[in-house]
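# Descriptive structure summary
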Amino acid sequence: MDFTEIYKQTASLVAFSPGTHFLLTAVQDRLIVRRSDSFQIARTWLVDTSPSPTSAALTSSSSAAPSSLRAKSEDSSSNAWITHAGWSCDSEYVLGASTKTGVVSVFKLRDESWSVRIEAGSEGLVKAEWAPDGRTVLCFSEWGLRVTMWSLVTGAATHIQYPIHPDRGYAFRQDARYFALAERHKSKDTLGVYDAQEAYRLVRHFPLPTNSLASMSLSPTGNYLALWEGPLEYKLYIVSLAGSVLGSFSPDPDPGFGIRVVSWHPSGMFLALAGSDDRVHILESLTWNPIATLELPNRISAGVHVWREPTDWLEATNGRGFISYERIQPPFTLPTTASQVRSKPSRPHPGMRSTATAPSSSRTGTGTIQLAFNTSGNLLLIRSAAAPTVVLLYDFSTPSSSNPNSTSAASQQDPEIVAPRLRTVLLHPQPVTSARWNPDPSRAGRLAVACGSQSVYLWSDEWVSEPDAGSVQPEESDTEVAECVGVPAQKFETRDLRWAPDGKGMILLDRETFCCAFEVEDEGQDSGL
């Protein structure tokens, strides 16, 4: 892979444009757009993050505070930094928002002098993002008061009161026609369905079966809406956009602490959910009953591919080049936090600084923290807080994925034939901080992993080895490869990563800096990772 130089960024606000031609970066109070082929700066804007008159009036009322509080004004410059940034769907516009001052600025890529300023007012601002049409900006106010849709075409604003969650309580249907919003009226959970193509006109409004909604997720087909309770109850409901409750699921006995992660299969035929008990339940869309339950394995049996990061490989390669994972022959005992409690502290990883933070985990030290299907739906990624250094990959082959000519209706007639099987285990000396599938359907079997070290880890099931003369047919293990790729920088820790929309490159993020990595293609052919 080829790596770019190291650039500055703020709050991890770095994103490729939908067409992957440009790269948007926020640095304090400035938006920077670079060309993705040369990384030359194409546009730059200084965002006016001065507070609105209403916000200024509210701030001035507390200006007569004690000197101990007025001393905090020295940090006011950092409070005005950009907190949200993003591209419109057609890459024509970019936005930058400062939630501290309640201001959103919109700029046009083809006209550097054009700009729009949105002021939140007294209700404040906690989040701003683009709607799927690329001409509407969604602004969520503080205290769950309302969400406002600002139209760049008409200049009008549409308000919807009392959204429950500004980050996980809403969803657009895949065709961007309908907007579903979880609301709370008279101390009860409700759902509003709005027509996004008709100025967010209310289409349906109905009560929800939940007592305290934790989150919601719309199926890829847009037919089903998964809702689940808060941490007091492990229960999930399936609701249609018409308001009908189609099914529910609650394990017996209730493991407690509620549902943590939910992931839809790309076809919408299956739903994976997990909580604090390290059990992943797979529901099918006919009866919404579980067809499989996956538990965190303690011992890896034969038939599973186990890959382990080599020891001290960064020192051996000076952080440059790449090296393959080590193959381990099962049976193998999976390293967990419980098994490492009494072990001696190990020497820090060569690519880790002493300030490296612990892995992001859930409410306790156990439980599933990530579920992710790849774009084709034939692989399921699972990460657990009980085994923070491990990535589990399950084979989730369905009739539609194994046979492209089979219809989805035929697949839904026999959901019980789906039997997820543990295929691959990736082991690392440091906790995994990020793991993401390649978004390109033609590269669905490629995975990138970050562990907060001076490297990035790549796995692929699309490896094709050239057979020698007289060689036998390669086994399944020969169709996958796992590699450790060093980032050629002295002070850089890959804490997070994001694929480019075309799947040919990725953004590697540290605390205050980032770089990009692109795969190297041979002339006349598309090479693998």
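Coordinates for the structure precede this section.
Let me sum up the structure you'll find in this document. (Residues numbered from 1 in each chain as written. Predicted model: local features only at pLDDT ≥ 70, side-chain atom pairs only at ≥ 80, totals over all residues. Heavy atoms only, no water.)

### Observations regarding the overall build of the protein chain
- Assigned secondary structure in the protein chain consists of six helices and 42 strands.
- In the protein chain, the proportion of contacts linking residues at least 24 apart, taken out of those at least 6 apart, comes to 52%.
- Carbon and sulfur atoms provide 49% of the accessible area of the protein chain, an area that totals close to 25000 Å². (Helix = DSSP H or I, 4+ residues; strand = E, 2+ residues; numbered from the N terminus. Contact = heavy atoms within 4.5 Å. Areas by Shrake-Rupley, 256 points an atom, 1.4 Å probe, with all protein chains shown as cover.)

### Some points on the environment of asparagine 318
- Considering the arrangement of structural elements, one finds asparagine 318 in the loop between α4 (313–317) and β29 (322–324).
- Residue asparagine 318 is classed as exposed on the basis of its relative accessible area of 63%.
- On a C-alpha basis, the gap between asparagine 318 and glutamine 490 in space is 9.4 Å, while along the polypeptide they are 172 residues apart. (Buried < 20%, exposed > 50% of the residue type's maximum accessible area, 1.4 Å probe, protein only.)

### Regarding the pattern of salt bridges
- Per the stated rule, a full pass over the model turns up 24 salt bridges.
- With a closest N to O distance of 3.3 Å, aspartate 37 and arginine 35 form a salt bridge.
- Arginine 35 gets classed as partly exposed once you look at its relative accessible area, which sits at 37%.
- Across the pair glutamate 129 and lysine 127 runs a salt bridge whose closest N-O atoms are separated by 3.6 Å.
- Each of Asp440, Arg443, Arg446, Glu462 and Glu519 takes part in a single network of salt bridges with overlapping partners. (Salt bridge = Lys/Arg side-chain N within 4 Å of Asp/Glu carboxyl O.)

### Section: the sheet that holds strand β39 (residues 481–486)
- Here we have five strands laid out as an open sheet, ordered β29-β39-β38-β37-β36, and antiparallel in their pairing. Looking at the sheet topology across the chains shown, the edges are occupied by β29 and β36 (434–437). The sheet shows a mean angle of 20° between the axes of neighbouring strands, direction not considered.
- By the bridge criterion, three bridges tie β29 to β39 in an arrangement that is antiparallel. Note that in β39 the partner of isoleucine 323 across the bridge is cysteine 484. (Pairing = 2+ DSSP bridges. Axes fitted to C-alpha atoms, helices over the stretch in contact; angles between N-to-C directions.)

### Looking at the side chain of glutamine 454
- Along the chain, glutamine 454 falls in the loop between β37 (446–450) and β38 (455–460).
- Here the side chain of glutamine 454 touches valine 487 through a polar contact of 3.0 Å, landing on its backbone oxygen.
- For glutamine 454, the side chain forms a polar contact with the main-chain oxygen of alanine 489, separated by 2.5 Å. (Polar contact = N/O pair within 3.5 Å; in protein donor to acceptor, adjacent residues only side chain to side chain.)

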